[in-house]
Amino acid sequence: MEGGNRIFGYARVSSKEQHLDRQILELQKYVKPENILVDKASGKNLERESYQALKGVLGLRRGDILYICSLDRLSRNKSDIKKELEYFRENGIRLMVLDLPTTMIEVPEGQSWIMDMINNILIEVLASIAQQEREMILKRQKEGIEAARLKKVHLGRPKAEYPDQWEAYYAKWKEGEITAVEMMGKLGLKRTTFYELVKRYTSR
């Protein structure tokens, strides 16, 4: 490793009930305990206190090294991981991923292009995976909508059904024999449901 580089570690679990012990033990093989930052927060986005501190003005600088146990400690979102890898590359920060041996290669001085190549491959692979996942989600949504349409399933709020004796009471209401409130009471209808049924009934 190049002299003078600061070395940090980052560990994350998704909830306060989970433990960081295993990750911290692994990171301590390469990083001083006081330089390991941790979060107990979801990986659904990057808004985590310790991780944002790492990227802040007092955190990682060009030439520094960051160790993590696996890429999903950065995020569960493939597109976010891709962005973070690009950020580290552009800012000259070396990312070491313990379960990706290619990122742990010792690079001779003056041959940083090797790490650039490895990072570029990782970024492209993750970008492809993220794109495939997005396309699969859209495909499943379309298939679900089409299946529901074929089954004539109403995807919104179910339409209110006409109660028994609707026509008899409707006729009395129209003739002025009973009020709307009385009709609602007799049929057990809420005001909004009553007027929805009237609107549908009269537009037939």
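Everything below is about the structure shown above.
Residues numbered from 1 in each chain as written. Predicted model: local features only at pLDDT ≥ 70, side-chain atom pairs only at ≥ 80, totals over all residues. Heavy atoms only, no water.

Peer 1: Would you mind going over the packing of aromatic side chains in detail, with residue names and values included?
Peer 2: On inspection of all chains with the given rule, the structure shows 12 aromatic pairs. Aromatic side chains Tyr 162 and Tyr 201 sit 5.9 Å apart centroid to centroid with 65° between the ring planes, which places their arrangement in the edge-to-face category. Taken together, the positions of Tyr 162 in the loop between helix 4 (113–150) and helix 5 (166–174) and Tyr 201 in helix 7 (residues 191–202) put the pair 39 residues apart, joining distant regions of the chain. Residues Trp 166 and Tyr 201 carry aromatic rings whose centres are separated by 5.8 Å and whose planes lie at 70° to one another, so their mutual orientation is edge-to-face. In this pair, Trp 166 sits in helix 5 while Tyr 201 sits in helix 7, placing the two residues 35 residues apart along the sequence. With respect to class, Trp 166 is no different from Tyr 201; both count as buried. Joined through ring pairs, the aromatic side chains of Tyr 162, Trp 166, Tyr 170, Trp 173, Phe 194, Tyr 195 and Tyr 201 make up one cluster. Over the ring of Tyr 51 we find Arg 48; its NZ or CZ atom is 5.4 Å from the centre of that ring. Positioned above the aromatic ring of Tyr 87 is the side chain of Lys 55, whose terminal nitrogen or guanidinium carbon lies 4.4 Å from the ring centre. (Phe/Tyr/Trp six-rings, centres within 6.5 Å; stacked < 30°, edge-to-face > 60°. Helix = DSSP H or I, 4+ residues; strand = E, 2+ residues; numbered from the N terminus. Buried < 20%, exposed > 50% of the residue type's maximum accessible area, 1.4 Å probe, protein only. Lys NZ or Arg CZ within 6 Å of the ring centre and 35° of its normal.)

Peer 1: I'd like a rundown of the packing of helix 6 (residues 180–187) against helix 7, residues and numbers included.
Peer 2: Contact geometry for helix 6 and helix 7: axes closest at 10 Å, N-to-C directions at 100°. It follows that helix 6 is roughly perpendicular to helix 7 by the angle criterion. Across the interface between the two elements, Ala 180, Met 183 and Met 184 from helix 6 touch Arg 191, Phe 194 and Tyr 195 from helix 7. Across the contact of helix 6 with helix 7, the residue classes break down as 5 nonpolar, no polar and 1 charged. (Axes fitted to C-alpha atoms, helices over the stretch in contact; angles between N-to-C directions. Parallel < 35°, antiparallel > 145°, perpendicular 65-115°, else oblique. Contact = heavy atoms within 4.5 Å. Nonpolar A, V, L, I, M, F, W, Y, C, P; charged D, E, K, R; others polar.)

Peer 1: Go over the environment of Ala 180 with me, naming the residues and quoting the values.
Peer 2: Relative to the helices and strands, Ala 180 resides in helix 6. Distance in space between the C-alpha atoms of Ala 180 and Tyr 195 is 9.4 Å, their sequence separation being 15 residues. Other than its neighbours up to four places away in sequence, Ala 180 contacts Trp 173, Phe 194 and Tyr 195.

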